[in-house]
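# Fold and geometry: a report
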Amino acid sequence: MSSGNTVVARNVRLLREQRGLSLAELARQARLAKQTLSNLEQGTGNPTVDTLFSIASALGVPVTRLVAEREQVMAVQRADEVVWQQHEGYESRSLDHVYGSGVIENYLVRIGRDPRSPYKSSEPHPVGTLEHLYVISGRVRVGPVDSLVELSAGDFVRYPGDRPHVYESLDGESLVHIVVSVPRVQPGTGGVNLARTHGGDPD
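Being a predicted model, the structure only gives us computed values, none of them experimental. (Residues numbered from 1 in each chain as written. Predicted model: local features only at pLDDT ≥ 70, side-chain atom pairs only at ≥ 80, totals over all residues. Heavy atoms only, no water.)

## Observations regarding unusual backbone geometry
Phi angles above zero are rare outside glycine, and Arg31 is one such case at about 60°. The residue Arg31 is located in the loop between helix 2 (23–30) and helix 3 (34–41) in this model. (Helix = DSSP H or I, 4+ residues; strand = E, 2+ residues; numbered from the N terminus.)

Next up, the structure:
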C-alpha cells in the first residue's frame, strides 16, 4: 500500500463516517461501483483524478481534503517573509485561495485577554471547514489545540476548523480578520442546517 493511497483511504473513510454515509450510499452519490470505493478505502485501489473529484463532490469537500495529510492543511505566512506584488497605484498581497463551493463567512474579531479565562476554546465546525486568520493588531496564539501557533500583526494562518481550536490574545486586546469556509452539504449526506460558526465572537 503506497503512502498516497493510505492518505486517500484514511481521508475518504473518515469523511464518509463523519457524514453518516454507508459505503453503498457514497458510491451511489459519487456514481461509482461499490467495489471501487471499497478498494479505495482499503488502500488497494488506484483512483483516477475523475474518481477523486466524484468522491469529493459527493462529500461536499475540495478534492485537496482527500489527498492531503491533515497536518498539511495548516499554513503560516509571516509578515516579514511575504512578497507584495507591485501594480499601478497599489500593492497587493495574496493570503490564500478558497476552493470548492459552500458558505464563506467573514469576521472581524476582537480577542481580549481575560485573567479568569486566558483563552477561548472553539468546538469543531462541520467536516471540511477551514479557517483563514489574519492578525490586524496585537499578538495571538491560535489554531488546533494540538498545533497552536503564535502570530503578530501582519501574520496569516490557515488551519482546519473541523478540529477543536483556540483563540488567545497574548498582548491585551488583539484584532483579527477571520474567513471561514464551510463546504456545501449535499442533500442526503446526513448534514444539518449550518449555523453561523462565530456569530460575532469566537465560538
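## Re the pattern of salt bridges
By the definition in use, this model includes eight salt bridges. Between Asp155 and Arg78 there is a salt bridge, and its shortest N-O distance comes to 3.1 Å. A residue pair is termed long-range when its members are at least 10 positions apart, and Asp155 in the loop between strand 8 (149–152) and strand 9 (156–160) and Arg78 in the loop between strand 1 (75–77) and strand 2 (85–87) qualify at 77 residues. Across the pair Glu150 and Arg141 runs a salt bridge whose closest N-O atoms are separated by 2.8 Å. (Salt bridge = Lys/Arg side-chain N within 4 Å of Asp/Glu carboxyl O.)

## Thoughts on helix 3
Burial in helix 3 covers these residues: Leu37, Ser38, Leu40 and Glu41. Taken end-on, helix 3 shows its buried residues confined to a sector of 160°, consistent with a single buried face. Gly43 occupies a position one or two residues after helix 3 and carries a positive phi of about 80°. (Buried < 20%, exposed > 50% of the residue type's maximum accessible area, 1.4 Å probe, protein only. Arc of directions from axis to C-beta.)

## Looking at the pairing of strand 9
Across the five residues of strand 9, five count as buried, placing the element largely inside the fold. Relative to strand 9, strand 1 is paired through three bridges, and the arrangement is antiparallel. Bridging from a neighbouring strand, Gln77 pairs with Phe156 of strand 9. Pairing of strand 6 (residues 130–137) with strand 9 involves five bridges; the strand directions are antiparallel. When the sheet's bridge partners are listed, Glu131 is paired in strand 9 with Tyr159. (Pairing = 2+ DSSP bridges.)

## Focus: the sheet that holds strand 10 (residues 165–169)
Pairing within the open sheet is antiparallel, and its four strands lie in the order 5-10-7-8. Two strands bound the open sheet, and with one partner strand each, they are strand 5 (120–122) and strand 8. Averaged over all adjacent pairs, the angle separating strand axes in this sheet is 20°, with direction ignored. Direction of pairing for strand 5 relative to strand 10: antiparallel, over a ladder of three bridges. What sits directly across from Ser121, in strand 10, is Val166. (Axes fitted to C-alpha atoms, helices over the stretch in contact; angles between N-to-C directions.)

## Regarding the nonpolar core
It is characteristic of soluble globular proteins that their nonpolar side chains tend to be buried jointly. In terms of nonpolar packing, the biggest core is built from 20 residues, with Val12, Leu26, Leu37, Ile55, Leu59 and Leu66 touching the most fellow members. Elements supplying a minimum of two residues to this core: helix 1 (3–18), helix 2, helix 3 and helix 4 (49–59). Of the residues forming this core, the biggest block, five residues, is contributed by helix 4. In this structure, Tyr107, Tyr159, Ile178 and Val180 belong to the second largest nonpolar core, which totals 16 residues. (Core = buried A, V, L, I, M, F, W, Y, C linked by side-chain atoms within 4.5 Å.)

## Section: the confidence of the model for the protein chain
On average, residues of the protein chain score 81 in pLDDT, and 81% of them reach the 70 mark or higher. Note on residues 186–194: pLDDT is under 50 here. Beyond four places in sequence and across chains, it has 19 contacts. (pLDDT = per-residue confidence, 0-100. Contact = heavy atoms within 4.5 Å.)

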